[in-house]
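# Observations on the model geometry
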Amino acid sequence: MLKATVLYSGSEGNATLISDGITDILIDAGGNEKRLKCALEAKGKSPEELSAILITHEHTDHTNALYTLLKHCHVPIYTSINTARGMCTLKNVSTDTLR
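Residues numbered from 1 in each chain as written. Predicted model: local features only at pLDDT ≥ 70, side-chain atom pairs only at ≥ 80, totals over all residues. Heavy atoms only, no water.

### Some remarks on a nonpolar patch on the surface
- A surface patch of nonpolar side chains, about 230 Å² in accessible area, is lined by Ile25, Leu54 and Tyr78.
- The residue leucine 54 is located in strand 4 (residues 52–54) in this model.
- Judged by relative accessible area, leucine 54 falls into the partly exposed class, the value being 33%. (Patch = residues over 30% accessible without salt bridge, like charges linked within 9 Å, V, L, I, M, F, W, Y side chains within 5 Å. Areas by Shrake-Rupley, 256 points an atom, 1.4 Å probe, with all protein chains shown as cover. Salt bridge = Lys/Arg side-chain N within 4 Å of Asp/Glu carboxyl O. Helix = DSSP H or I, 4+ residues; strand = E, 2+ residues; numbered from the N terminus. Buried < 20%, exposed > 50% of the residue type's maximum accessible area, 1.4 Å probe, protein only.)

What follows is the structure in structure tokens.
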């Protein structure tokens, strides 16, 4: 069964976890890394367990935790071409992780 859990949502950050019990996909990684880790841990997950990250757009309330998260968590990032361009320009994200 597919389950969607809003970890947090608001002007300071957005993150949602989609899981089928085997595959865990994070939709957006706003806020800061500590907040994201705590929210995942509250659901019994860790960043290292993520299968992928989907970024809806490059605004900081959807991406801010992503940049430090990628230092510890090597998963594919899915996003649109325009968002990918914006992320690469704004934060020097490697195109190797983008899908």
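### A closer look at the pattern of salt bridges
- The tally for this structure, following the rule as stated, stands at 2 salt bridges.
- For lysine 45, the salt bridge identified is with aspartate 24, shortest N-O distance 3.2 Å. With a gap of 21 residues between them, lysine 45 in the loop between helix 1 (33–42) and strand 4 and aspartate 24 in strand 3 (residues 24–27) connect regions that are remote in the sequence. Take lysine 45 and aspartate 24: they sit in the same class, and that class is buried.
- Lysine 37 is paired through a salt bridge with glutamate 33; the nearest N and O atoms lie 3.7 Å apart. Remark: glutamate 33 and lysine 37 occur in helix 1; sequence separation between them is 4 residues, near one turn of the helix.

Remember that the coordinates give geometry; whether it matters functionally is a separate question.
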